[in-house]
Each structure stands twice: as structure tokens, then as C-alpha cells.
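Breakdown of the fold
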Amino acid sequence: MNKCKICGQATTIIINFGKMPLANGFISNPNSKEFFYNLSLAFCPMCFMVQLKKTVKPEKMFHKEYQFISSTSQIMVSHFKEIAEEIINRLKNKKNPFIVELGCNDGIMLKHIAFRKINHLGIEPSQNVAQLAKRNGVQVLSKFFNEQVAKDIVEKKGTADIICGANVFCHIEDINSVFRGINILLKQDGILFFEEPYIYDIIKKSSFDQVYDEHVYYFSGLSINNLARRHGLQLVDMKHQEVHGGSMRYYIQKIAGTCPQSLRSKRCRRGKQKIELKKWLNKEKQMKLDKIEGYLDFKNKVNKICKDLKTLLSTIKQKGYRIVGYGATSKSTTLLNYAKIGRDLIDYISDNTPTKIGKFSPGMHIPIKSYKQFIKDQPAYALLLAWNHKKEIFAKEGNYRKKGGTFITYFPKVKTE
Ligand code: DWN
């Protein structure tokens, strides 16, 4: 029986993707031995948390050669600058504020806080990425955050006015320990906010490639509120974000504490957050995200996308056209391995991350080449594996498309653009 990682209740499988390699397990030698695990998504009818049935040890995923660098997308660079500006605004009347960011990656957000000499601490377990953050002037602790680390931080640096994170909370299996740590580290009148891929968008778009080893949980407002209340915290606001294929930002406070005027956002002062919160929780209930019924047709939609995509790619290939993958994303590992899309269909994947170039994609071993190769080849078709950055990429590839280059996209339906 599969037990919920949050509340221990029995969970129900939504979809089983079968054997899967690590999403960021890009390899230098296609003949080298790869680690595989069973990728299955499950739902808990008690606390409504959507989660992986089997998880991978964090040390296997986040280590000294972690391959994902946040600043490879200009849109994300501006997005994190906006987060820093929101934090600075919230803190402007606070004396000696202290901010902690979980999963600070290369310092894409905290560098703006460090620049203003505001007391901060970035927590980043992947040592190579932590080094990049340090080079950006960020104070970094290269550890996995949990209850004990929270106690150590309080001892050395005191409690925090703001704790934040982006695309990190859903990566941590022992999230109960993280929330116990939050309760220890957060000031009585402090605020926690974090943003993660949103299960509402995943179900709506059938964007199943968001499911992979690093994403242990797939949050909704309903499941986050249940999780928060288990730890003396409460969900007080939700702000939808377009980034990363549809994300939700959750704002959480201590039930006993009240967020002071100085830490409140304008929306909060005008009481707008209550309206937004209620709107999204109602939308989640309308989509039945608190019942297994809300997930029953997900598998059929996923299988239809895979079938339609393979048919389109094979037809294009039979006509003698070249197809190149655009963006060696972690998420594309699930798509390529589940749909069995390999080098027979995709010549190579173009990527702008230096450490990925020259390597091979996990499982299907499609070669990864630099963006320069894409510019040189101008392939007839590009499979948009970094679909969550479509706006930025389409803006960048205006010429490619003008000259007849065609992108293939697949959520919510397979199409050429
Ligand atoms: O949650 C996570 C998200 C935030 O980032 C992590 N677990 C892992 C990672 O997921 P991902 O690899 O799917 O993220 P991205 O941002 O969708 O990856 C984009 C990839 O595409 C990068 O390798 C960079 C590349 N890229 C490119 O070659 N040209 C990206 C853009 C925007 C481009 O123009």
C-alpha cells in the first residue's frame, strides 16, 4: 500500500510512467550505466497532496555537479528581480531585517538583496551552484534545509522576517521537517512565501513532463493549507505565476502571529488577498483537485499527446525533414523516455547551458549541442522542449520562424507553430 508522505494515509495511483532515468542525469558517455527508478504519481484523499509514489535520495539529484542553472532564462532573471523588489518593499520599514531563501540556486534573486546589504542567507545544497551564488555576493549555506538546520541558523543569526523559495519546496520529501523548521526560524509576525509548478495548470494542460524525480510534490492551495495547518501555520494568499508552465505562489503566516502593516503587501492592506485566495481555492474545488475524480482522465490525455506527437514526428521525418530539440530541460526527460522519442526522430537537442553541451540526454541519449549549432543548421523543425519559456524563445527566434522554421509544441495539444 502506498502511504502519503505528509499524513500517512493510503494514496491512489494517478499514472505510472514506468522506468525513468534522473531528469537532470545528463551523461558524457552514452554507454555509461544509468540509474533508473519507477516514476509514479499518486493522490492522497485525506490531505489532497499529489506526490511521487517512489522518491530518489536527494544526494543523487542535488550534488556538486547539479546541471540546472536558473539564470539561463532572461525571463526568469527578470522574474526573480521582481521577487527581490517585492521583498525590499515589504521590508522597507523594518529595522535590521533578515531574509532566508531556500534553494537560492546561483543567487538569481538574493544577489539583489545582497547588493542592498540586507542581512540574508541562501540555502543551496548543490555545491557547484552554491559557488555561483557566492560569486554573486550571496551568503550561502550549502546544506539541505530541515528542522535542525533551522535551529542552527536561529542560534547563529536569529529568526527571519521573510523566508522564501522558488521551485524548491516541492523538491523536498521530508517537507514536514521543513515546515517544523519554518516554524522555528520564522519570526512570530514573519511571512513565508514560495512558488512551485501548480497542479491546477498541470491537470488543465496535461503537462505531464512536470512529473520527474526532483518534483516530489505537486501542490494546490488546498494541499498547502492542510500542510501548513499541521504546523501551526496558515495560507493567507495565493498569486498565480505564468513562469515554468504555470506556477502558484503561496503566502503563509503563523496562525498565532499577525503580519504587521510593515510586512504586508498593498493587496493585503486592501484585503485583496482574501478574494484571490478564495477564487483559487474555489477553482481547485471546481476541478475536483480534492478528489481522485479530478485526476481520472489525466492518463488518457497524456497517452494521447504521446501518440499524436510520435505520429507527427515520424511523418515529418519520413518526408526527409530534420527535427532538433530546443532546450535540454529536466522535464523533457519524462516526455522523451515515456513517449520513447529518440535519435531516430530527434537529431540533437540545442541548449545554452555550458555544462550540458557535449553530453547526452538521460535515457534516450540524444546528443546535446550548443545553440550555435542550431543557428548554423536552421533545422526545418524544432521540438520545443523548453515550452515553459515559449514567449522568450519565440521572441528570440523570430528570424528562424520567418525563414520557415517551425516549432512543434504539445501542451495541451500537439501542434506546429
Ligand atoms: O524545478 C526545476 C526548474 C525550476 O528548473 C528544477 N527541478 C529543474 C529545472 O527544470 P528544467 O530543466 O525543466 O528548467 P527549464 O528552465 O525549463 O530549463 C530550460 C533549459 O532550456 C535549460 O537547459 C536552458 C535551455 N534554454 C535554452 O537552451 N535556450 C532555455 C532558454 C530560455 C533558451 O532560450
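Since we're looking at a predicted model, the values are computed, not measured.

Considerations on unusual backbone geometry
Looking along the chain, the bond that leaves Phe411 and enters Pro412 is cis, with omega of 0°. Following the sequence through the fold, Pro412 ends up in the loop between strand S16 (406-409) and strand S17 (415-416). A positive phi angle, near 60°, is found at Lys288, a position not held by glycine. With respect to the secondary-structure elements, Lys288 resides in the loop between helix H10 (272-286) and helix H11 (298-318).

Here we look at the sheet that holds strand S5 (residues 119-123)
Read from one edge of the open sheet, 7 strands run S6-S5-S4-S7-S8-S11-S10, paired in mixed fashion. Edge positions in the sheet fall to strand S6 (140-141) and strand S10 (233-241), since each of these pairs with one other strand and no more. Bridge count for strand S7 (residues 160-166) against strand S8 (residues 186-197) is 6 bridges, and the pairing is parallel. Pairing of Ala160 across the sheet is with Leu186, part of S8. The strands touched by helix H8 (residues 221-229) are S8, S10 and strand S11 (247-254); relative to S10, the strand with the most contacts, the crossing angle is about 155°.

Topic: the site of the ligand
Near the ligand there are 25 residues, and of these Glu214, Lys331, Asp351, Lys356 and Lys396 occur at the shortest range. Measuring from a nitrogen atom of the ligand, one finds a side-chain N or O atom of Glu214 at 2.6 Å. Within the side chain of Thr353, one N or O atom sits 3.2 Å away from an oxygen atom of the ligand. Burial of the ligand by the protein chains amounts to 97% of its free accessible area of 710 Å². If you tally residues by element for the shell around the ligand, the top one is helix H14 (residues 390-396), at 3 residues.

Focus on the packing of aromatic side chains
As enumerated under the stated definition, the model contains 28 aromatic pairs in all. Consider the rings of Tyr321 and Tyr381, whose centres lie 5.7 Å apart with planes at 65°: the pair is edge-to-face. Linking Tyr321 in the loop between H11 and strand S12 (323-326) with Tyr381 in strand S15 (residues 381-384), this pair joins segments that are 60 residues apart in sequence. On the basis of relative accessible area, Tyr321 is assigned to the partly exposed category, the value being 40%. Linked through ring pairs, Phe17, Phe208, Tyr338, Trp387, Tyr410 and Phe411 together constitute an aromatic cluster. Looking at Lys19, its charged tip hangs above the ring of Phe36, at a distance of 4.7 Å from the centre. The residue whose ring lies beneath Lys283 is Trp280, and the NZ or CZ to ring-centre distance is 4.9 Å.

Thoughts on the domain arrangement of the protein chain
On domain assignment, one finds that the protein chain holds domain 1 (144-295) and domain 2 (300-416). Just the C-alpha atoms count here: the centres of domain 1 and domain 2 sit 32 Å apart. On the side of domain 2, 15 residues touch domain 1, which itself brings 11 residues to the contact. In this assembly, domain 1 packs against domain 2 so that about 1,200 Å² is buried in total across both faces, 67% of it on carbon and sulfur atoms. It is Ser206, Phe208 and Asp209 in domain 1 that bury the most area against domain 2; as a group they hold 51% of the surface buried on that side.

Quick notes on the pattern of salt bridges
Taken as a whole and assessed by the stated rule, the structure comprises 18 salt bridges. Measuring nitrogen to oxygen at the nearest pair gives 3.6 Å for the salt bridge that ties Lys291 to Asp290. A relative accessible area of 38% places Lys291 in the partly exposed class. The class of Asp290 is buried, set by a relative accessible area of 15%. Where Lys390 meets Glu417, a salt bridge forms, and the shortest distance between an N and an O atom there is 2.8 Å. Of the two residues, Lys390 sits in helix H14 while Glu417 sits in the segment after S17, which places them 27 residues apart along the sequence. Among the ionic contacts, a cluster of salt bridges with common partners joins Glu86, Arg90, Glu195, Lys239 and Arg249.

Definitions and cut-offs
- Residues numbered from 1 in each chain as written.
- Predicted model: local features only at pLDDT ≥ 70, side-chain atom pairs only at ≥ 80, totals over all residues.
- Heavy atoms only, no water.
- Helix = DSSP H or I, 4+ residues; strand = E, 2+ residues; numbered from the N terminus.
- Pairing = 2+ DSSP bridges.
- Contact = heavy atoms within 4.5 Å.
- Axes fitted to C-alpha atoms, helices over the stretch in contact; angles between N-to-C directions.
- Near = heavy atom within 4 Å.
- Polar contact = N/O pair within 3.5 Å; in protein donor to acceptor, adjacent residues only side chain to side chain.
- Areas by Shrake-Rupley, 256 points an atom, 1.4 Å probe, with all protein chains shown as cover.
- Phe/Tyr/Trp six-rings, centres within 6.5 Å; stacked < 30°, edge-to-face > 60°.
- Buried < 20%, exposed > 50% of the residue type's maximum accessible area, 1.4 Å probe, protein only.
- Lys NZ or Arg CZ within 6 Å of the ring centre and 35° of its normal.
- Domains from an automatic or database assignment.
- Buried area = accessible area lost by both parts, 1.4 Å probe.
- Salt bridge = Lys/Arg side-chain N within 4 Å of Asp/Glu carboxyl O.

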